[in-house]
Amino acid sequence: MKAIHLRTENLKEPLGLGTTTPRFYWNCEGGITQTAYKIVAKREGVIIWDSGKILSSRMTHIAYEGLPLRSRDRVEWSVTLWDENDQPGEKVQSWFELGLLEPSDWTARWIAGDYKPKKKERYPVDCFCRTFSVEKLVAKARLYATARGVYDVTVNGKRIEEFILAPGMTDYRKRIQYQTYDVTALLQQENTVELRLADGWYRGSSAAYGVTNVYGTQTSIVAQLEIALTDGTIQTYVTDDSWKWSNDGPIRFADLKDGEIYDARRKPGYGKTAKVVNGSGNSNTVKAGAGSGSGGNVGDAGGSLNSAKLTASNNVPVREKERFTPILLQGKNGVRVLDFGQNIAGYLEFTVKGQSGSKMRLICGEVLDKDGRVDLSGIQESRPAKGWSQMSLVKKLLTNKVSGESDPTPRQEIRFVCSGGEDHYKTSFAVFGFRYVQVEGDITICPEDFSAIAVYSDMEETGSFVCSDERINRLVENTRWSMKGNFLDIPTDCPTRERLGWTGDAQIFFDTGAYLMDTAAFFGKWLKDMEDAQYKDGLLPAVLPYQGVEMMYKSTGSSVGWADAVYLIPYRYYRRYGDRSILERTWPMVEKYAEYLMAHLGMKSKKEAKVNLHNAYTYEKGVHLGEWLEPEEFRDKVYGAQAKYPEECTAYLYYAMETIGEIADILGKDNMRERCLETAMGAKAAYDALFVKTGALDTDRQAKLVRPLALGLLDGETKKKAQERLVQAVEHYNYRVGTGFLSTPFLLPVLTEAGETETAYKMLENTEKPGWLAEVLEGATTIWENWEGNLSQNHYSPGAVCQWLFDTVAGIRVEGENRLTVAPMPGGCLQYAEAVYLSPYGRVLSRWEKKDEEISYTVEIPVNVTAEILLPDGTSETAGSGVHTYLSAEDFRDTEKNKENKNVEQ
């Protein structure tokens with residue numbers, strides 16, 4: 001037996017880790033059961049921890065317990081496993097390296113371009129340069145860098161692409177991630193390091209309205225190169241006022257959403273020097289809460305940028321991934337459009353040749369209009385041409401109007417100027433949501449000279465699902481591509497219009513995403529963003545990290561379904577990955593939200609509160625979004641944040657108190673557990689009195705039935721009647737989807753629990769709008785934002801239906817440490833289905849196939865794992881590792897015995 005898939009803090013061989021007590025993970029290969037393990041860690045060849053032989057089957061969350069670790073330490077660790085026969089296996093090795101952990105480790109200074117930025121102007125990319133010699137042999141070299149903005153690094157003409165759009169997204173007022181790069185192989189005797197700095201999330205266009213200067217007007221960068229020579233000496237080069245600077249290079253404009261202007265005739269002149277700026281860079285940060293500070297050293301504020309800490313991300317990097325080559329389409333009036341065949345979030349690379357000064361404009365978009373032109377109308381908003389003021393933004397939010405001359409946002413375009421020779425271009429500081437690129441200008445192009453490059457956080461793909469219906473297979477891939485298109489250091493709603501970390505989207509999709517890709521490190525980082533974002537009253541903003549327009553996103557942060565991310569993501573993370581520490585770490589913010597809820601009970605209207613006998617446990621205060629994006633025919637006349645939602649709010653009050661109470665129980669917080677239980681029972685009674693006994697569940701509005709069933713508000717005969725009424729509602733709607741944002745993920749699971757698996761399959765297989773496969777038949781390659789398909793084409797949250805494919809159709813569920821359940825549920829028109837999931841405990845496979853009036857099942861359980869295998873014909877077995885096969889009659893559900901069992905269950 002040996003360990004495979006070794007990880008440190010859920011990362012493969014991380015460079016620049018930010019913890020001195022890392023945890024180790026692995027899966028097992030060979031044998032049946034791991035009975036013991038031994039971990040040995042070495043620093044510079046010297047053993048700093050030998051765990052000895054530990055009698056345990058654990059494979060996850062095993063903490064380092066050796067000698068204290070220091071900044072820059074590179075630790076090689078190995079693990080040896082013993083099998084069920086107490087035989088040791090092959091020793092397997094991995095490594096990790098720590099970053100800069102102490103304030104005193106930083107001697108670099110923040111530098112900026114030598115100009116005074118004006119709030120309503122945009123500027124070219126800053127270019128910084130430093131040359132130096134290395135006369136001796138290099139043992140290793142590390143570059144530590146970050147920015148207030150986005151940056152890249154080139155060493156001796158080689159661009160480092162280990163982290164695209166570094167440093168990633170955080171609240172720059174609280175925490176700034178730095179990156180660690182291994183540049184050993186790039187150094188030579190004479191060296192040139194170039195840094196480029198663009199606006200990024202710091203001062204570029206943000207949110208739906210393209211607000212700028214969210215964190216300030218002055219971007220800046222800090223970098224520290226440490227070269228360890230073979231003779232034991234260290235050469236260090238840091239950013240300071242000796243670096244050359246200019247902003248006359250080819251990138252004349254760079255914005256994450258609006259795009260780039262690139263003049264291939266230009267090169268940086270480096271005619272001036274950088275200026276050292278203080279910790280905050282400038283004193284005109286918009287409500288940033290970071291003072292002007294004094295001194296330029298990073299270490300002056302305890303390793304912080306005033307109140308903003310410099311921290312390792314401990315997350316997977318953002319990288320260039322899949323590449324696509326287009327075909328050329330001809331639209332009306334000879335419009336040239338490149339079709340890359342797949343909607344992505346990413347950017348362009350191309351080679352062209354034109355006369356010096358000739359121009360080309362490339363417009364990127366998700367859809368075409370009737371004339372074959374790129375159509376951005378579904379994702380663009382308008383903003384004042386002269387920039388936003390506080391008053392103009394308020395007017396926009398209240399009236400959706402902009403006074404005076406306006407510009408569209410986001411632009412999603414590249415404006416390119418040729419040098420006269422053969423020019424090669426790749427986007428550096430922008431990312432777009434697109435499948436199509438409209439090419440304007442007289443320059444001759446060849447489609448094969450263009451590539452679209454997908455850019456997203458480099459998470460390992462862990463789940464696959466295939467079945468006999470290619471449309472469903474495409475739905476799964478569309479969901480995966482929407483995830484890729486929105487998981488760029490944070491989980492965003494879409495890669496176009498807003499591109500914000502909406503809390504509701506993330507909590508809805510968490511389990512689906514965890515099947516498709518390894519999100520442990522990714523969501524571990526975002527939960528830190530969540531901790532940074534929580535207000536003193538316990539609420540979160542609706543989007544995080546902070547990206548401006550607080551008047552909108554702070555108020556909607558109270559909305560049920562969105563605010564619930566504060567406890568649902570930690571709880572689901574714990575259930576998925578078995579990481580108790582995530583509950584312990586996030587408990588303070590979860591407790592704050594529980595206190596907020598219990599302090600804001602009761603109806604908004606004093607008149608309504610007076611006649612409500614259950615007012616003490618009714619919830620509706622705050623701003624709420626309701627079900628959100630139901631099919632248009634089901635929406636109330638007063639819709640969105642302007643409406644009241646006592647039913648939705650009281651339902652989620654119960655769900656919150658039940659779940660937070662369970663978390664409190666796990667952590668031994670007995671007092672909070674009892675308070676949550678009391679409030680939950682009160683909310684359940686209030687819901688019953690206000691919405692069940694009043695007949696509100698006698699409706700064809702699917703969400704009104706799905707919600708109480710999914711959240712556990714109904715019992716006994718009431719539950720049975722609601723289940724029956726939901727089936728009627730589904731039938732009345734011809735098996736189309738009638739739910740919105742919050743209830744769509746629950747729809748098929750609720751039907752399955754009701755014993756209506758075939759009804760669930762019919763809804764999945766429905767090809768009429770509103771429905772998942774209707775999008776597929778219209779050619780979608782990602783998931784639409786709304787059922788009508790006239791907004792963003794890339795919103796992952798409705799793809800949460802794929803969780804049902806993994807945990808019900810294939811039946812794969814993680815139950816706890818080294819424990820799975822596999823309970824496949826054949827049905828519908830499918831002839832076969834197969835899912836593979838690389839769980840935290842190893843690879844599991846579940847496949848079923850209908851053939852000759854029989855159903856065959858194949859289940860593969862990983863080494864050191866046990867699974868409860870449950871088949872629809874009643875077969876039940878606790879199985880260990882290996883391949884297990886079963887055979888049953890296809891018509892088992894029609895036998896008298898199973899009819900009796902079904903009646904008993906109901």
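Per the secondary structure count, the protein chain includes 18 helices and 47 strands. Here the protein chain has a C-alpha radius of gyration of 28 Å; the compact-globule value for 906 residues is 29 Å, and the two agree. Seen along its three principal axes, the alpha-carbon backbone of the protein chain occupies a region of about 85 × 75 × 60 Å. When each of the 906 residues of the protein chain is scored for burial, the buried share is 61%. Across the protein chain, the fraction of contacts at a sequence separation of at least 24, relative to all contacts at a separation of at least 6, is 73%. Here the protein chain displays about 34,500 Å² of accessible surface, and carbon together with sulfur accounts for 47% of that area. Between the mean site of the 109 positive side-chain charges and the mean site of the 126 negative ones, the protein chain shows a separation of 7 Å.

A few words on the sheet that holds strand β44 (residues 854–861). Ordered by their spatial adjacency, five strands build an open sheet running β37-β42-β43-β44-β47, and the pairing between neighbours is antiparallel. Looking along the sheet, the strands with just one partner apiece sit at the ends: β37 (463–467) and β47 (882–889). Each strand of the sheet is rotated relative to its neighbour by a mean of 10°, with strand direction disregarded. Note: strand β42 (residues 832–839) against strand β43 (residues 842–851), eight bridges, orientation antiparallel. By the bridge assignment for β43, S839 is matched with G842.

Counting across every chain of the model gives ten cavities of 30 Å³ or more. Each pocket or cavity is described by its volume, and for the largest cavity that value is around 230 Å³. As for the largest cavity, its lining consists of 20 residues, of which H5, N10, D518, S839 and P840 are closest to the centre. Only β1 (2–8), β3 (23–29) and β42 provide two or more residues apiece to the lining of the largest cavity. Counted by class, the lining of the largest cavity contains ten nonpolar, seven polar and three charged residues.

This part takes up helix α11 (residues 670–692). Here α11 spans 31 Å end to end across 23 residues, near enough to the 33 Å set by a 1.5 Å rise per residue. Residues M672, C676, T679, A680, G682, A683, K684, A686, Y687, F691 and V692 constitute the buried set of α11. Close packing links the buried residues of α11 with α8 (580–599), α10 (646–667), α12 (702–710) and α13 (716–732).

So, on to the confidence of the model for the protein chain. Scored by pLDDT, the protein chain has a mean of 94; 95% of the residues are at 70 or more. Of the regions scoring below 50 in pLDDT, residues 281–306 engages in 71 contacts with residues more than four places distant in sequence or in other chains. A low-confidence stretch, residues 893–906 stays under pLDDT 50, and its non-local contacts, those more than four residues away or across chains, total eleven contacts.

Ordered by their spatial adjacency, four strands build an open sheet running β40-β41-β45-β46, and the pairing between neighbours is mixed. Edge strands, defined here as strands with exactly one partner in the open sheet, are β40 (812–816) and β46 (876–879). Each neighbouring strand pair of the sheet contributes to a mean axis angle of 20°, computed without reference to strand direction. Where strand β45 (residues 866–870) and β46 come together, four bridges link them in antiparallel fashion. Residue pairing in the sheet places E868 in a bridge with T878 of β46.

Calculation notes
Residues numbered from 1 in each chain as written. Predicted model: local features only at pLDDT ≥ 70, side-chain atom pairs only at ≥ 80, totals over all residues. Heavy atoms only, no water. Helix = DSSP H or I, 4+ residues; strand = E, 2+ residues; numbered from the N terminus. Rg over C-alpha atoms; globule rule 2.2 N^0.38 Å. Buried < 20%, exposed > 50% of the residue type's maximum accessible area, 1.4 Å probe, protein only. Contact = heavy atoms within 4.5 Å. Areas by Shrake-Rupley, 256 points an atom, 1.4 Å probe, with all protein chains shown as cover. Lys, Arg positive; Asp, Glu negative; His and termini not counted. Charge placed at Lys NZ, Arg CZ, Asp CG, Glu CD. Pairing = 2+ DSSP bridges. Axes fitted to C-alpha atoms, helices over the stretch in contact; angles between N-to-C directions. 1 Å grid on protein atoms, 1.4 Å probe; cavity = no way out; pocket = protein on both sides within 12 Å on 5 of 7 lines; lining within 4 Å. Points joined across faces, edges and corners; volume = space filled by probe spheres on them. Nonpolar A, V, L, I, M, F, W, Y, C, P; charged D, E, K, R; others polar. Expected span 1.5 Å × (residues − 1). pLDDT = per-residue confidence, 0-100.

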